[in-house]
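The primary structure of each chain is shown beneath.
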Amino acid sequence: MGIYGARTATPSISGLKVLESLEISAHNVELAALAGHPTLWSLAVTDVVEPVDVSPLLALPELVRLDLAGSAVRNLHVVCDMPTYA
């Protein structure tokens, strides 16, 4: 599933309980609605112009793949606090 070229994206995927992969490319992205999603394991948030807050990603229990290429990130240090999977 993907969102591409939007001015602002606030993904509300709570009704998509089996969604595993999401790609977002927009001028501005709000990630809070993703927090706690039970099956999302791959997320690409690319080419975001307005600095995005990635702290809601800490509440994605299955996230193992993250792509932030070309995005302005407000708090990149949060990525270091994400669980690692061996």
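These numbers come from a predicted model, not from an experiment.

Asker: Is there a simple way to explain the pairing of strand 3 (residues 42-45) in this structure?
Answerer: Each regular strand carries side chains that alternate between the two faces of the sheet. Alternating positions in strand 3 separate into two faces, Ser42 and Ala44 on one and Leu43 and Val45 on the other, with burial throughout. Looking at chain direction, strand 2 (residues 21-29) and strand 3 are connected through four bridges and run parallel. From the neighbouring strand, Ile24 faces strand 3, where its bridge partner is Val45. One ladder, built from three bridges, connects strand 3 with strand 4 (residues 65-67); its direction is parallel. Along strand 4, the bridge assignment pairs Ala44 with Asp67.

Asker: Would you take a moment to explain the nonpolar core for this structure?
Answerer: In a soluble, globular protein the nonpolar side chains are often hidden away together inside. By size, the foremost hydrophobic cluster in this structure holds 21 residues, and its most contacted members are Val29, Leu31 and Leu57. Those elements giving two or more residues to this core turn out to be strand 2 and strand 3. Per-element tally for this core: the top contributor is strand 2, with four residues. Sequence-distant contacts of Leu31, that is, excluding residues within four places in its chain, are made with Ile24, Val45, Val52, Asp53, Val54, Pro56 and Leu57.

Thresholds, definitions, all that
- Residues numbered from 1 in each chain as written.
- Predicted model: local features only at pLDDT ≥ 70, side-chain atom pairs only at ≥ 80, totals over all residues.
- Heavy atoms only, no water.
- Buried < 20%, exposed > 50% of the residue type's maximum accessible area, 1.4 Å probe, protein only.
- Helix = DSSP H or I, 4+ residues; strand = E, 2+ residues; numbered from the N terminus.
- Pairing = 2+ DSSP bridges.
- Core = buried A, V, L, I, M, F, W, Y, C linked by side-chain atoms within 4.5 Å.
- Contact = heavy atoms within 4.5 Å.

Keep in mind that these numbers describe shape and distance, not what the molecule does.
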